[in-house]
Amino acid sequence: MAEAVGTRVAVVTGGNKGLGFEVVKSLCRLFKGDVLLTARNESLGRAAVASLEQTGLKPKFFQLDITDQTSIASLATHLSNKYGGLDVLVNNAGIMFGRSSTSPFEEQVKTTMKVNFWANLNVCKTFFPLLRSDARVVNVSSMLGSTALNKCAKDLKGRFTSPHITLDELESLMETFENDVSSGTYSQTWPETAYGVSKIGVTTMSLIQQRLLDREGKTDVVVNACCPGWCRTDMGGQTATNSAEEGADTIVYLATLPPETMSPRGELVTKRKIKPWTKGTVL
Ligand SMILES: NC(=O)c1ccc[n+]([C@@H]2O[C@H](COP(=O)([O-])OP(=O)(O)OC[C@H]3O[C@@H](n4cnc5c(N)ncnc54)[C@H](OP(=O)(O)O)[C@@H]3O)[C@@H](O)[C@H]2O)c1
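Heads up: these notes are all about the structure in this document. Remember, it's a predicted structure, so these values are computed and weren't measured experimentally.

Some remarks on the sheet that holds strand β8 (residues 273-275)
- Strand order across the open sheet formed by eight strands is β3-β2-β1-β4-β5-β6-β7-β8, with mixed pairing between neighbours. Of all strands in the sheet, those bounded by a partner on one side alone are β3 (60-63) and β8. Strand after strand, the sheet turns through a mean of 25° between neighbouring axes, direction not considered.
- As judged from the four bridges shared by strand β1 (residues 9-12) and strand β2 (residues 34-39), these two strands associate in the parallel manner. Residue pairing across strands places Val12 opposite Leu37, the latter belonging to β2.

Here it is in structure tokens:
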């Protein structure tokens, strides 16, 4: 049955397991509206929805592979037709090559950047026009991005943390990283971490997005990046210090910030606390 256009809606990417699954679970309890559990694999996504239904929760499923523009566009059409907008966007989906991976570094960089940076950026570019008043966007980043930032050459770090960096400049820096890795010239300037640099991109992107929204007068929309901490998921491994539920806490906190929130907005947040990212004050 079609929802009344105007019903509030939250979208969580990579919701079939790990932190995304925990975020969906919490939002089903806290968010007044529909919660869309999205997953690239339809059967895994539907199984996750079914397991939550068994506990009395009622997420809805929508297939979304964030690397597939057709898939992104199809969800955008669904949101527009069925809800007339979007209220919460949690960009959670991400990947990381394990330490034991034997894939060449160049391949790790291309694949990781494709999912963690470029795909999340495309999701935002497609969905931001749908954001309604008081919408909340949470881009799941990592403190490993901050660690990587501190290992960048001084000039490069200054560019990432400049309060004036533009989205075009960020995209160009991310392309430069990939090109420098391909040409074997990256080591003087960049740290040797595909995941870390991809998360520098996610955090920087979030800060720029808030500035752009403010400039457009959409000051009631709040975007933040966050680190969930080291969590026991397929990505984090079973020796991690936090449960997935604990990791989801900051994500859900940011996704449900009340109207007229002045802080945090356009920040990197972990354990519900802001971690400074401006020039010269990173960690
Ligand atoms: N766990 C930690 O310690 C930790 C720490 C800091 C930050 N993070 C960040 O937290 C987020 C969630 O991590 P997690 O620990 O929950 O990882 P996870 O258990 O490996 O789950 C990752 C999720 O992302 C999905 N995904 C991957 N590529 C996708 C794509 N192209 N389209 C749609 N979904 C895709 C996966 O789907 P499939 O099941 O189909 O693969 C899965 O649902 C990530 O952004 C990660 O970088 C995690």
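A few points about the pairing of strand β4 (residues 86-91)
- Within β4, six of the six residues are buried, leaving the element largely enclosed by the surrounding structure.
- Where β1 lies against β4, three bridges are found, and the strand directions are parallel. By the bridge assignment, Val12 is partnered in β4 with Val90.
- Inspection of the sheet shows β4 paired to strand β5 (residues 131-140) by five bridges, in the parallel sense. Bridge pairing links Val90 to Val138 in β5.
- In the classification by handedness, the crossover that spans β4, the intervening helix α4 (residues 105-127) and the parallel β5 is right-handed.

Cut-offs and rules
Residues numbered from 1 in each chain as written. Predicted model: local features only at pLDDT ≥ 70, side-chain atom pairs only at ≥ 80, totals over all residues. Heavy atoms only, no water. Pairing = 2+ DSSP bridges. Helix = DSSP H or I, 4+ residues; strand = E, 2+ residues; numbered from the N terminus. Axes fitted to C-alpha atoms, helices over the stretch in contact; angles between N-to-C directions. Buried < 20%, exposed > 50% of the residue type's maximum accessible area, 1.4 Å probe, protein only. Right-handed = clockwise from strand over helix to strand, strands pointing away.

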